[in-house]
Amino acid sequence: MNSFAILGKRLASSAMVLKSVKPAFASQPIRHFSQTQKALDQPTNLFSFTEEEQMFRDVVARYATEKVLPKVSEMDEKEFMYPEIIQGLFDNGLMGVEVDSEYGGAGGSFVSAITVVEELAKIDPSVSAMCDIHNTLVNRTVSDYAPKELKEKYLTRLATDTVGSFCLTEAGSGSDAFALATRAEDRGDHYVLNGSKMWISNSAEAGIFVVFANVDPSKGYKGITCFMVEREMGVEIAKKELKLGIRASSTCVLNFDNVKVPKENVIGEVGKGYKYAIDVLNEGRIGIAAQMVGLAQGVFNVTMPYLFQRKQFGQPIGHFQGMQFQYAQIATEIECARLLTYNTARMREQGLDFVKEAAMAKLYACQVAERAASKCVEWMGGIGFTREFPAEKFLRDSKIGSIYEGTSNIQLQTIAKALVKQYSQ
Ligand SMILES: Cc1cc2nc3c(=O)[nH]c(=O)nc-3n(C[C@H](O)[C@H](O)[C@H](O)COP(=O)(O)OP(=O)(O)OC[C@H]3O[C@@H](n4cnc5c(N)ncnc54)[C@H](O)[C@@H]3O)c2cc1C
């Protein structure tokens, strides 16, 4: 049963409880609620998962530990994601977590998708990045805005065998994303795309691209339209970036040189691309927050045992109070980041406004990830600084959290905007 169904059932049962006791309310004390009714009314903690969410967590944790872990450092060194790792993501239903089963997906909840991203990041933030972008940006745009025919044609592939990329950023438009210059010219039964995209994740492996281009620059951002583009239509995968972190996740420049895209490949309405991008990226931020929570927990998990093996001054270094206070602090921060992330994901599932909270979750989780990874390197002394131990990779990987899907300044701007609205009226 999905979480909506469970929530619906809970609400229905509490309504029944209220109805049945209403006549007696004035004269009867509240203890007339039965134990069962009480249990149904109990608020749950944020670590209460549905059966489906727990199942995803178990499957992905096993896959990450058994299949991804042995390849992590090789893939990082080669700056390349092994095809069998990507195939494993598809085989385990991790590339179509929320996609309806009618399109070949697992039909899971948003929290399940977030869980998958978090669990993968504990082992490899690069694999997590691929899975996150594919699920929370690419699949989400197609699922929410594309017509049925496009879903049948592309979502089925995205859920089962074809990697997708989300192509918004350009050399001249990063934080100011809607200043994009890629042009889509209307030629009757098709559009012709010209321009270049930059920093596009998954693009070395992708077969399908969700591309934002302007059909009428005189209308500014209201000309931005979203297109479904196949690699075979003529997308050129140009320079592959050499990066500080998440090296196995490909990031390339894409060129569109007179790429012919059929009119039926417009996702949603012409001129509404900016709106779709905003909505999808607001949600995507919860995914990045989950990636950073997973990363922080992952580096903490691999580092902590060392503190009780390594002895100095005749005792394990983890027993010095100076160390204890530091790891207690980091553990607390990871817990806070996780709760912020889970709560925002639940708000999104319940249809509440989550924009401010998503920005807070991403902002805070990436700060915690950086701090946790940096501390772990330090706690291990010299060995932590070498590539023999994964802490340095986690530290390199953590930096991206404050850059993609809106830099930390942009998250602060979003949070401040919400606060101004709330308090300045
Ligand atoms: C590894 C990687 C993967 C990526 N994947 C994708 C992808 O798949 N698809 C995609 O479309 N994009 C992707 N991006 C692009 C990413 O979203 C942008 O890099 C990001 O939005 C920042 O844009 P920018 O790099 O142009 O920086 P800029 O916008 O130039 O920002 C530079 C600095 O200026 C600050 N700044 C800018 N404007 C303001 C302001 N108004 N107030 C205060 N400070 C400000 C920023 O916070 C930042 O510190 C990726 C980037 C990287 C590095």
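Look up a bit, the structure's there.
A short tour of the structure in this document, coming up. Keep in mind it's a predicted model, so treat the numbers as computed, not measured. (Residues numbered from 1 in each chain as written. Predicted model: local features only at pLDDT ≥ 70, side-chain atom pairs only at ≥ 80, totals over all residues.)

Moving on: the packing of helix H6 (residues 110–123) against helix H7 (residues 125–145). Running from N to C, H6 and H7 point in directions that differ by 165 degrees, and their axes come no closer than 7 Å. Classified by the angle their axes make, H6 and H7 are roughly antiparallel. The chirality of how H6 crosses H7 is left-handed. Where H6 approaches H7, its residues Ala113, Val116, Val117, Leu120 and Ala121 are matched on the opposing element by Pro125, Val127, Ser128, Cys131, Asp132, Asn135 and Thr136. Considered class by class, the residues forming the contact of H6 with H7 number eight nonpolar, three polar and one charged. (Axes fitted to C-alpha atoms, helices over the stretch in contact; angles between N-to-C directions. Helix = DSSP H or I, 4+ residues; strand = E, 2+ residues; numbered from the N terminus. Parallel < 35°, antiparallel > 145°, perpendicular 65-115°, else oblique. Left-handed = near helix turned anticlockwise from the far one by under 90°. Contact = placed C-beta atoms within 7 Å. Nonpolar A, V, L, I, M, F, W, Y, C, P; charged D, E, K, R; others polar.)

Moving on, we come to the site of the ligand. In the region of the ligand, 21 residues are neighbours, and Gly174, Ser175, Ser201, Thr407 and Asn409 sit closest. Looking at the shell around the ligand, the elements that each hand over two or more residues are strand S1 (164–167), strand S3 (190–201) and helix H13 (408–423). Here the shell around the ligand is composed, by residue class, of 10 nonpolar, nine polar and two charged. There are two domains that each give the shell around the ligand at least three residues, and those are domain 2 (166–270) and domain 3 (274–424). (Near = placed C-beta within 6 Å. Domains from an automatic or database assignment.)

Attention shifts here to the packing of helix H11 (residues 355–379) against helix H12 (residues 391–398). The geometry of H11 relative to H12 is characterised by a closest axis approach of 8 Å and an angle of 155 degrees between their N-to-C directions. Considering the angle they form, H11 stands roughly antiparallel to H12. When you trace H11 past H12, the crossing you get is left-handed. In this structure, H11 uses Ala369, Glu370, Ala373, Ser374, Cys376 and Val377 to contact H12, whose residues at the interface are Ala391, Glu392, Phe394, Leu395 and Ser398. Grouping the constituent residues of the contact of H11 with H12 by class yields seven nonpolar, two polar and two charged.

Let's shift gears to unusual backbone geometry. What is expected of a backbone is that most residues other than glycine have negative phi and most peptide bonds are trans. One non-glycine residue, Asn258, lies in the positive phi region at around 55 degrees. By secondary structure assignment, the location of Asn258 is in strand S7 (residues 251–262). Within the chain, Glu405 stands out as a residue other than glycine whose phi angle is a positive 55 degrees. Mapping Glu405 onto the fold places it in the loop between H12 and H13.

Below, the discussion takes up H6. Residues three or four positions apart in an α-helix share a direction because the helix packs 3.6 residues into each turn. Taking 1.5 Å as the rise per residue, H6 with 14 residues should run 20 Å; its terminal C-alpha atoms sit 21 Å apart, in good agreement. Of all 14 residues that make up H6, 14 are buried, and the element is covered over most of its length. (Expected span 1.5 Å × (residues − 1). Buried ≥ 20, exposed ≤ 12 C-beta atoms within 10 Å, placed from the backbone.)

The subject of this paragraph is the pairing of strand S2 (residues 183–186). Relative to S3, S2 runs antiparallel, the two sharing four bridges. Bridging across to S3, Glu185 finds its partner in Val192. From the end of S2 to the start of S3, which pair antiparallel, there are three residues, and Gly188 there has a positive phi angle of about 85 degrees. (Pairing = 2+ DSSP bridges.)

Taken by themselves, the reported measurements are silent on function.
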